[in-house]
Amino acid sequence: MVDLTVKIGDIVFKNPVLTASGTFGYGDEISSLIDVNSLGGIVTKTITFSPREGNPPPRITETTAGMINSIGLANIGVERFVKEKAPIYKSFDTRVIVSVAGETIDDYCRVVEYLEKEISADGYEINISCPNTEKGGIYFGSNREMSRNVTKAVRQLTSKLVIIKLTPNVTSISDIAGAVADAGADCISLVNSFVGMAVDVETRKPKIKKIIGGLTGPCIKPIALAKVYEVCSKVDIPVIGIGGISTGEDALEFLITGACAVEVGTATFFDPKAPVKIIEEIKEYLNSNNIKNVSEIVGSLIQS
Amino acid sequence: MVDLTVKIGDIVFKNPVLTASGTFGYGDEISSLIDVNSLGGIVTKTITFSPREGNPPPRITETTAGMINSIGLANIGVERFVKEKAPIYKSFDTRVIVSVAGETIDDYCRVVEYLEKEISADGYEINISCPNTEKGGIYFGSNREMSRNVTKAVRQLTSKLVIIKLTPNVTSISDIAGAVADAGADCISLVNSFVGMAVDVETRKPKIKKIIGGLTGPCIKPIALAKVYEVCSKVDIPVIGIGGISTGEDALEFLITGACAVEVGTATFFDPKAPVKIIEEIKEYLNSNNIKNVSEIVGSLIQS
Amino acid sequence: MRLYDKRCEIKFITSLSDDTYHLGIVSPEISESCIPGQFLMVRVNDDYEPLLRRPFSIFRTEPKEGIVEIVFEVVGKGTKILSERRSGEFLDVLGPLGKEFKINSKNLILIGGGIGFPPLFFMADFQKSENRNVVFYYGARTKDGIFFEKELGRICNKLIITTEDGSLGEKGLITDVFIKDLETGIIRGEAEVFSCGPTAMSKEISSICKRYNLKSQVSLESVMACGTGLCQGCVVRVENAQKSEYKLVCKDGPVFDSDIIIWED
Amino acid sequence: MRLYDKRCEIKFITSLSDDTYHLGIVSPEISESCIPGQFLMVRVNDDYEPLLRRPFSIFRTEPKEGIVEIVFEVVGKGTKILSERRSGEFLDVLGPLGKEFKINSKNLILIGGGIGFPPLFFMADFQKSENRNVVFYYGARTKDGIFFEKELGRICNKLIITTEDGSLGEKGLITDVFIKDLETGIIRGEAEVFSCGPTAMSKEISSICKRYNLKSQVSLESVMACGTGLCQGCVVRVENAQKSEYKLVCKDGPVFDSDIIIWED
Ligand SMILES: Cc1cc2nc3c(=O)[nH]c(=O)nc-3n(C[C@H](O)[C@H](O)[C@H](O)COP(=O)(O)OP(=O)(O)OC[C@H]3O[C@@H](n4cnc5c(N)ncnc54)[C@H](O)[C@@H]3O)c2cc1C
Ligand SMILES: Cc1cc2nc3c(=O)[nH]c(=O)nc-3n(C[C@H](O)[C@H](O)[C@H](O)COP(=O)(O)OP(=O)(O)OC[C@H]3O[C@@H](n4cnc5c(N)ncnc54)[C@H](O)[C@@H]3O)c2cc1C
Ligand SMILES: Cc1cc2nc3c(=O)[nH]c(=O)nc-3n(C[C@H](O)[C@H](O)[C@H](O)COP(=O)(O)O)c2cc1C
Ligand SMILES: Cc1cc2nc3c(=O)[nH]c(=O)nc-3n(C[C@H](O)[C@H](O)[C@H](O)COP(=O)(O)O)c2cc1C
Ligand code: FES
Ligand code: FES
C-alpha cells in the first residue's frame with residue numbers, strides 16, 4: 001500500500017489532491033457523481049463578507065485548450081455560507097478549506113473572524129489574486145506590501161491553516177511569496193488565473209462582457225509549473241500547485257517540481273471525475289515505480 | 001480592392017503581417033515555400049554582437065497547443081550577419097527589421113551602430129524580452145528604468161524605425177510600455193514568450209535542458225491579446241501584436257483590439273504558409289465586410 | 001435527482017439534413033430518469049480541443065432499450081466533431097441536467113423554433129398518453145429545417161408548421177403565425193405556452209404571451225462550462241417579486257417562467 | 001533543392017504489426033526528387049493537438065505513381081493519430097528535408113535498429129541497380145519488429161537479421177552481432193557503414209566503427225519544431241578539426257559522419 005498522505009502545517013490530508021476554489025462550488029453540487037471523501041480536500045468557492053451577484057454575462061468563453069471566466073466572485077456571502085453550506089461539511093470526511101476574499105484588509109479580516117466564531121474549517125485560502133474584481137483580489141496579490149499586510153492581519157486572527165493564493169500576473173512571484181511567507185503564511189497556493197481576452201471578429205465585441213477575464217485550463221500549465229518551480233526554489237514554506245492539472249501525469253509534474261499538493265480546477269468542468277481519477281493515477285505511478293510514500297517524489301526533480 | 005497597407009513611423013508596410021523574430025530564421029530558409037515579398041515584412045532572428053551558439057539541447061518540447069523553447073539566442077553575430085545575410089535583403093521587396101539584443105546597453109548599441117554603418121535595414125526590433133539568456137533580455141524588459149535606458153541609447157543612434165519588443169512576464173506591461181514610449185520608441189511589439197516549464201515524469205527530468213524556457217503558440221493567445229489591450233489602452237504609440245497568431249481570425253482579434261500589425265511566430269513551424277494564408281484571410285474578411293482599408297478595423301473593438 | 005457521468009456507446013448517428021444529426025446513445029440510467037426540458041453535457045472527443053462539453057436537450061428516450069436521443073445542428077467546432085463520430089464509438093455523457101417543463105394545464109401550446117424543437121418534441125412525446133390537448137408550432141427558415149413532421153403530427157392534436165420562405169406549412173415567422181392565431185381566437189385563453197428557440201424568438205413569444213395573458217415557460221440557452229452549477233458561468237438575469245438576481249441556466253433552468261426573465265441586448 | 005509543402009492524399013495506410021504502420025502518400029514532386037536519408041515533416045491532423053509536425057524518414061518511393069512511403073511506429077500522441085487516418089484523407093506534408101547518405105565506396109554496410117530501418121531500406125532500394133555490395137544488418141527485439149524481410153533479401157547481397165530474443169535470425173543485440181562479424185573477418189576493411197536506430201545503438205556502432213577504422217555515417221533523431229532550419233531547436237554537438245559547434249539535425253543532418261558527433265549523456 002502506498003502512503004498518499006501529506007501534511008501541511010498541522011493538518012494531514014489523506015492525499016495531495018484538492019479541488020480548486022470556484023470550480024467545485026461549495027462542495028455539494030456534484031456529490032452524486034464523485035465521493036468528496038475520497039479527495040484530499042476541497043477549497044470552497046471564494047466567500048466575501050457580503051453576498052456578491054458577480055459580473056454580467058457573458059461570463060465565460062472557450063479558448064484553445066482553455067477558457068476565460070469573468071465570474072466576479074459571485075457568492076452567497078459569509079452569513080448564508082455559515083447557515084446553508086457549512087453544516088454540510090460536518091458529514092464530510094475530508095479537509096475543508098474556505099476561500100476568502102475582500103476589497104480591503106478589513107474585509108478579509110471580517111470574513112475570517114466570522115468564520116472563526118461560527119464554524120470549524122480546517123483552514124483558509126486567502127484569495128489575493130482574483131482578476132475579476134475591481135478592488136482587492138489581483139491588486140493585493142500584485143503588490144508585495146499589500147500581500148504582506150493581508151497575510152499578517154489574517155494570521156493574527158487564526159491558528160488554523162493559512163494558505164495564501166497568489167496571482168501569476170506579476171514580474172516576480174517569488175518576491176511576493178517571500179513576503180507572504182515572512183508574514184506568517186503556512187502555505188502558498190498558485191496559480192490563480194491569467195488575465196486573458198478573446199474577441200468575436202464578426203461582432204467586433206469582446207467575448208466576455210467585462211472585456212478581460214481569467215484564463216485557466218490545460219493551456220496555462222507550463223507557465224503555472226514554471227511559477228511553482230520559481231517559488232519552490234526560493235521560498236521555504238509548502239506550495240500547493242494549481243493550473244491546468246487534468247491528469248495524474250499533470251499532477252505529478254507539479255509534485256516532482258516541488259508542490260506538496262495540487263488543486264484541480266477547470267478539468268472538473270469537462271471531466272467531473274478528474275480529481276478522483278488523478279488520485280488513482282498518482283497511486284498507480286507510485287506503485288509501478290515502487291515508491292512507498294508520495295512525499296518521496298515531492299521536489300524530486302533531477303536538475304543535472 | 002482593399003488597401004492592406006499600414007504605416008509605422010515613416011515606414012509603409014504593404015500589409016500588416018510580419019514574421020516574428022527567431023521563427024523565420026534570417027529570411028531565406030524557406031524561400032522556396034513562401035514568397036517573402038508577399039509579406040508585410042520580416043523580423044530577423046535576434047542578432048548579438050558576438051556569435052552565440054545557444055543553449056544545450058533539448059531546446060524544445062511540445063506542450064498542449066504550444067511549445068517551449070530554450071534556444072538561447074543562437075545566432076551568427078553581427079559581423080557574419082552583415083556579410084552573409086544582409087546582402088540577400090537587397091533583392092527582397094519587403095520590409096526588413098533586424099532584431100537586436102545584448103547583455104548590456106553598450107552591447108545593444110554596438111550592434112545597432114555596426115548595422116547603421118554597414119547595411120540599410122528598415123528598422124530595428126530591440127529584444128529586451130528573451131527569457132533564455134542569463135543577462136540582458138527579460139531582465140531589461142522587466143525593469144522600467146532599464147527599458148527606458150536601452151530605448152534612449154538606441155534612439156540616439158538611429159533615425160530608422162525603433163521597435164521595442166516587450167516581455168509579458170511582468171506585473172504591468174503598460175508601465176514598461178509607457179517608459180519606452182517616453183524614451184522615444186516608434187513602436188512597441190508584444191509579446192515575447194512566457195516563462196514555462198515541463199517535466200518528464202518517467203525520468204523526473206525537465207524536458208528542457210535549462211529547466212525553464214519560453215512558451216509560445218496558440219495556448220498563449222488570450223494572454224497576449226489582453227496585454228495588447230492593456231498597452232493600447234494606455235500608451236499612444238503603435239503596437240504590433242504577437243502571440244499564438246495562427247489564422248486570419250487570430251490576427252483580426254489583435255487588429256480589432258488595437259494592434260496596427262501582427263507578427264506570426266510558432267504557426268510558421270507547423271504551417272510554413274501561415275503568414276501568407278493570414279494575409280489572404282484578412283483580405284477576405286475585409287472584402288466580405290465591405291471594409292476598404294485595413295486601418296479602419298484597427299482598434300475598432302466595441303466596448304459597450 | 002441522481003446524475004450520471006458515464007462513457008456511453010453511440011447506438012446510432014444519422015444525418016437528417018446537410019447539417020442536422022440525430023444521435024442515440026446507450027444510457028439506461030439517463031433514459032429511465034430524464035424528463036422533458038432536461039439536457040445532457042456531451043464531451044465530443046477526449047481532446048482538449050474543444051475543451052468543454054456541449055449542452056444538448058434531450059429529444060426522446062427509448063427506456064426499454066436504454067437509449068437517449070438528441071438532435072443537433074452543426075454550428076461550430078464541437079458539433080462538427082460530434083457529427084463525425086460513428087456508432088460503436090463511445091462518448092462521455094453527463095446527465096440528466098436541469099429543470100424540466102412544468103405542466104399545470106390541460107391545453108399545451110408548444111413552440112419550437114429551428115433547432116429549439118427537440119425538448120418540445122420530448123415533451124409532446126412524453127405526455128402523449130395523458131389526454132391533454134397539444135398544439136405544436138414548429139418554425140424554420142425552409143422546409144429543410146423541419147424534422148420528424150410525421151411523428152409530431154401523430155403525437156400532437158395539432159401541428160402548425162411555418163417556414164420563412166413558405167416552402168412548407170404557413171409562410172412567415174413562427175411568432176407572426178402564433179399572434180395571428182391568437183388574434184383570430186383559435187387559441188383558448190387557459191392554455192399554457194412552452195417555447196424553445198433562438199433568443200430573439202423566445203423573447204418575442206414571451207412578450208406576446210404577456211400581452212395575451214398566457215402563462216409561458218421558456219427553455220433558454222447560454223454558454224456553459226460545467227452544466228452542474230459549479231462554475232457560475234451561465235447566468236441569466238431574472239426579476240421575481242421585485243427582486244432582481246442572476247439565476248443559473250444550467251441548474252435553475254434551462255426552463256424558466258418567461259415572465260421573470262430580463263432579456264438583455 | 002526545392003521544398004514542397006502540399007496537402008497530399010493518403011494513398012494507403014496499412015498496419016504491419018500491432019503498432020507499426022506503412023503509409024503511402026501522393027506527392028509526385030517529392031517522390032521524384034527525394035533521396036535516401038531525407039525525411040518528411042507530416043502534420044498528423046489540422047488541430048493544435050499535437051501542435052507540431054512529426055518527422056519521418058522516407059522509406060521508399062514509387063516515382064511512376066507519384067507516391068512517397070514511410071513506415072512508422074506508434075509511440076505517442078502524434079503517431080497514434082496518424083495511425084488512425086484513412087486512405088482518401090489528406091495530410092499536410094513538407095519535404096524532402098535534410099541531407100542524404102553519401103556513398104563513397106563499393107561495399108556498403110547498412111545497419112538498421114528497430115524503427116530506424118526505413119531510411120536504410122530506401123538506400124538499399126535506391127541504389128540496387130548500381131552493382132555495389134550491400135550487407136544489411138537489421139535488428140529488433142523480436143521477430144514482430146522485422147518488416148519487409150523478403151524485399152530486403154532481394155535487394156541486398158546479404159541480409160543479417162538479429163533479434164534480442166532469438167525469435168528470428170541471430171539471437172542478440174545487433175551491435176554484438178556486428179562486432180562478432182568484424183572480429184571473424186567477414187567484413188572487409190574498405191566497407192562503409194550507414195546506420196540508423198536508437199541513440200544508444202548509433203553511439204555504439206559509431207564507436208565500433210572508429211575502433212575498426214571503418215568510415216561511418218549515422219542518421220540522428222532529435223525533437224524538431226520546424227524541420228527547415230527556422231527554429232534552431234534540433235541541435236547536436238559536433239567536433240570537427242578541433243572546432244566544437246552545434247549543428248542542426250534537420251538541415252545539416254539528419255545524416256552525419258559519425259566520428260564528428262559528440263554523444264551526450
Ligand atoms: C440547455 C441547452 C440545450 C441545447 N440543446 C440543443 C439541441 O438540442 N440541439 C442543438 O443543436 N443545439 C442545442 N444547444 C446549443 C448547442 O449547445 C450549441 O450549438 C453547441 O454548444 C455549439 O458548439 P460548437 O462547438 O459547435 O460551436 P462553437 O464553435 O462553440 O460556437 C459556434 C457558434 O455557436 C454559438 N454558440 C456556442 N454555444 C452556444 C450555446 N450554448 N448557445 C448558443 N449559441 C452558442 C457561438 O457563439 C458561435 O457563434 C443547446 C444549448 C443549451 C444551453
Ligand atoms: C529525422 C527523423 C526521422 C524519423 N524517422 C522515423 C521513421 O521513419 N519512423 C518512425 O516511426 N519514427 C521516425 N522518427 C521518430 C518520430 O518522429 C517520432 O517517433 C514521432 O515524432 C513521435 O511522435 P508522437 O507524437 O507519437 O510521440 P510523442 O507523444 O511526441 O512522444 C512519445 C515519446 O517519443 C519520444 N519522441 C518524440 N519525438 C521524438 C523524436 N523526434 N525522436 C526521438 N524520440 C522522440 C518522446 O520523448 C516520448 O518519450 C524520426 C525522427 C526523426 C528526427
Ligand atoms: C469559473 C472559475 C471560477 C473561479 N473562481 C475562483 C474563486 O472564486 N476563487 C479563487 O481563488 N479562484 C477561482 N478560480 C481559479 C481556480 O481556483 C484556479 O486557480 C484556476 O482555475 C487555475 O486552475 P485550472 O487551470 O486547473 O482551472 C476560478 C476559476 C474558474 C475557471
Ligand atoms: C523557437 C523560437 C525562437 C525564438 N527566438 C526569438 C528571438 O531570437 N528573438 C525574439 O525577439 N523572439 C524570439 N522568439 C519569440 C517570438 O518572436 C514570438 O515573440 C513568440 O514566439 C510569440 O509568438 P508565437 O506564439 O506566434 O510564436 C522565439 C520563439 C520561438 C518559438
Ligand atoms: S454551466 Fe456552470 S454553473 Fe451553469
Ligand atoms: S527543427 Fe527547427 S531548426 Fe531543426
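Residues numbered from 1 in each chain as written. Chains lettered and ligands numbered in written order. Predicted model: local features only at pLDDT ≥ 70, side-chain atom pairs only at ≥ 80, totals over all residues. Heavy atoms only, no water.

Asker: Tell me what's going on with the overall build of chain C, and back it up with residues and numbers.
Answerer: When helices and strands are tallied, chain C shows 6 helices and 16 strands. Over its C-alpha atoms, taken along the principal directions, chain C stretches across nearly 50 × 45 × 35 Å. Relative to its full complement of 265 residues, chain C shows a buried share of 57%. By sequence separation, contacts in chain C at least 24 residues apart represent 65% of the contacts at least 6 residues apart. Per element, the accessible surface of chain C, about 11,500 Å² overall, is 47% carbon and sulfur. Each charge class in chain C was averaged separately, 34 positive and 39 negative side chains, and the resulting centres sit 3 Å apart. (Helix = DSSP H or I, 4+ residues; strand = E, 2+ residues; numbered from the N terminus. Buried < 20%, exposed > 50% of the residue type's maximum accessible area, 1.4 Å probe, protein only. Contact = heavy atoms within 4.5 Å. Areas by Shrake-Rupley, 256 points an atom, 1.4 Å probe, with all protein chains shown as cover. Lys, Arg positive; Asp, Glu negative; His and termini not counted. Charge placed at Lys NZ, Arg CZ, Asp CG, Glu CD.)

Asker: Describe the overall build of chain A, naming the residues involved and giving the relevant values.
Answerer: Looking only at helices and strands, chain A features 9 helices and 16 strands. Here the C-alpha radius of gyration of chain A, 18 Å, is about what a compact globule of 304 residues would show, namely 19 Å. Taken along its principal axes, the extent of the C-alpha atoms in chain A is 55 × 50 × 40 Å. A total of 304 residues make up chain A; the buried ones form 67% of that total. Once local pairs closer than 6 in sequence are excluded, the contacts in chain A between residues at least 24 apart make up 71%. Carbon and sulfur atoms make up 46% of the accessible area of chain A, which totals about 10,000 Å². (Rg over C-alpha atoms; globule rule 2.2 N^0.38 Å.)

Asker: So, the site of ligand 1: which residues are in play, and what are the values?
Answerer: Residues and elements named next belong to chain C. Every one of the 18 residues lining ligand 1 counts as a neighbour, but Arg-54, Pro-55, Gly-78, Thr-79 and Glu-221 are closest to it. The contact in question runs from a nitrogen atom of ligand 1 to an N or O atom on the backbone of Val-71, over 2.9 Å. Bound to the protein, ligand 1 loses 73% of the 860 Å² it would expose on its own. Those elements that place two or more of their residues in the shell around ligand 1 are β4 (54–57), β6 (67–73) and α2 (77–84). In terms of residues, the shell around ligand 1 owes the most to one element, β4, which gives 4 residues. Looking at the shell around ligand 1 residue by residue, the classes come out as 9 nonpolar, 5 polar and 4 charged. (Near = heavy atom within 4 Å. Polar contact = N/O pair within 3.5 Å; in protein donor to acceptor, adjacent residues only side chain to side chain. Nonpolar A, V, L, I, M, F, W, Y, C, P; charged D, E, K, R; others polar.)

Asker: How would you explain the sheet that holds strand β9 (residues 161–165) of chain A if you had to name every residue and give the values?
Answerer: Residue and element names in this part refer to chain A. The strand order β3-β4-β7-β8-β9-β10-β15-β16 describes a closed barrel built from 8 strands, whose pairing is parallel. Strand-to-strand, the axes of this sheet are offset by a mean angle of 25°, without reference to chain direction. Each of β10 (187–190) and β15 (239–242) is contacted by helix α6 (residues 221–234), which is oriented at about 170° to β15, the strand it contacts most. (Pairing = 2+ DSSP bridges. Axes fitted to C-alpha atoms, helices over the stretch in contact; angles between N-to-C directions.)

Asker: Can you explain the environment of Pro-131 of chain B? Please cite residues and give values.
Answerer: All names here are of chain B. Turning to its location among the elements, Pro-131 is positioned in the loop between β8 (123–127) and α3 (138–141). Residue Pro-131 is classed as buried on the basis of its relative accessible area, which comes to 10%. The spacing of Pro-131 and Asn-69 is 62 residues in sequence and 9.5 Å in space, taken between C-alpha atoms. Ignoring anything within four residues of it in the chain, the contact list for Pro-131 reads Ile-138, Asn-192, Ser-193, Val-195 and Gly-214.

Asker: How would you sum up the site of ligand 4? Please name residues and give values.
Answerer: Near ligand 4 lie 24 residues; those nearest to it are Ser-21, Thr-46, Lys-165, Gly-244 and Thr-266 of chain B. More than one chain approaches ligand 4, the contributing ones being chains B and D. Ser-21 of chain B places a main-chain nitrogen or oxygen 2.7 Å from an oxygen atom of ligand 4. In this structure, an oxygen atom belonging to ligand 4 sits 3.0 Å away from a side-chain N or O atom of Lys-45 of chain B. Within the shell around ligand 4, the residues separate by chemical class into 9 nonpolar, 13 polar and 2 charged.

Asker: Break down the interface of chain A and chain B for me, citing the residues and quoting the values.
Answerer: Counting residues at the interface gives 45 residues for chain A, matched by 45 residues for chain B. Both faces combined, the contact of chain A with chain B buries some 3,800 Å², and carbon together with sulfur accounts for 65% of it. By the criterion of area lost to chain B, the three top residues of chain A are Met-197, Val-201 and Arg-204 of chain A, representing 19% of everything that side buries. At the junction of chain A with chain B, the criterion picks out 0 salt bridges. Of all the secondary structure elements, the ones that give two or more residues to the side of chain A that touches chain B are β11 (194–197), β13 (205–206), β14 (212–216), α6 and α7 (248–257) of chain A. (Buried area = accessible area lost by both parts, 1.4 Å probe. Salt bridge = Lys/Arg side-chain N within 4 Å of Asp/Glu carboxyl O.)

Asker: Describe in detail the packing of aromatic side chains, supporting the description with residues and values.
Answerer: All names here are of chain C. Inspection of the entire model under this criterion finds 38 aromatic pairs over all chains. On the basis of an interplanar angle of 35° and a centroid distance of 6.5 Å, the ring pair of Phe-117 and Phe-148 is categorised as tilted. Remark: Phe-148 occurs in the loop between β9 (133–140) and α4 (149–155) and Phe-117 occurs in the loop between β8 (107–113) and α3 (118–126); sequence separation between them is 31 residues. Aromatic rings pair up to connect Phe-59, Phe-117, Phe-121, Phe-136, Tyr-138, Phe-147 and Phe-148 into one cluster. (Phe/Tyr/Trp six-rings, centres within 6.5 Å; stacked < 30°, edge-to-face > 60°.)

Asker: Tell me about unusual backbone geometry, and name the residues and values.
Answerer: Omega for the bond connecting Glu-49 of chain C with Pro-50 of chain C falls within 30 degrees of zero, at 0°, which places this linkage in the cis form. Relative to the elements of secondary structure, Pro-50 of chain C occurs in the loop between β3 (39–43) and β4. In this structure, Asn-290 of chain A is a non-glycine residue whose phi angle is positive, near 55°. Structurally, Asn-290 of chain A can be placed in the segment after α9 (274–288). Using a relative accessible area of 63% as the deciding quantity, one classes Asn-290 of chain A as exposed.

Asker: Mind laying out the sheet that holds strand β2 (residues 20–26) of chain C, listing which residues take part and the relevant values?
Answerer: All names here are of chain C. One open sheet holds the 7 strands; their spatial order is β4-β3-β7-β1-β2-β6-β5, and the pairing between them is antiparallel. Every interior strand has two partners, whereas the edge strands, β4 and β5 (60–62), have only one. Pairs of neighbouring strands in the sheet enclose a mean axial angle of 35°, with direction left out of account. The strands that α2 touches are β1 (4–15), β2, β3, β4, β6 and β7 (90–97); relative to β6, the one it contacts most, it runs at about 130°.

Asker: Residues and numbers for the side chain of Thr-163 of chain D, please.
Answerer: Residue and element names in this part refer to chain D. Note that Thr-163 resides in strand β10 (residues 158–163). A relative accessible area of 0% means that Thr-163 is categorised as buried. Contacts of Thr-163, omitting those with residues within four sequence positions, involve Ala-140, Arg-141, Thr-142, Lys-143, Ile-146, Leu-168, Glu-170, Lys-171 and Gly-172.

Asker: Please provide a residue-by-residue account of the state of the cysteines, values included.
Answerer: Under the counting rule described, the total for this entry stands at 0 disulfides over all chains. Summary of cysteine pairing: Cys-219 of chain A is not part of a disulfide, and the nearest cysteine sulfur, belonging to Cys-219 of chain B, is at 6.6 Å. Of the cysteine sulfurs around Cys-34 of chain C, a residue in no disulfide, the closest is that of Cys-8 of chain C, at 12 Å. (Disulfide = S-S within 2.5 Å.)

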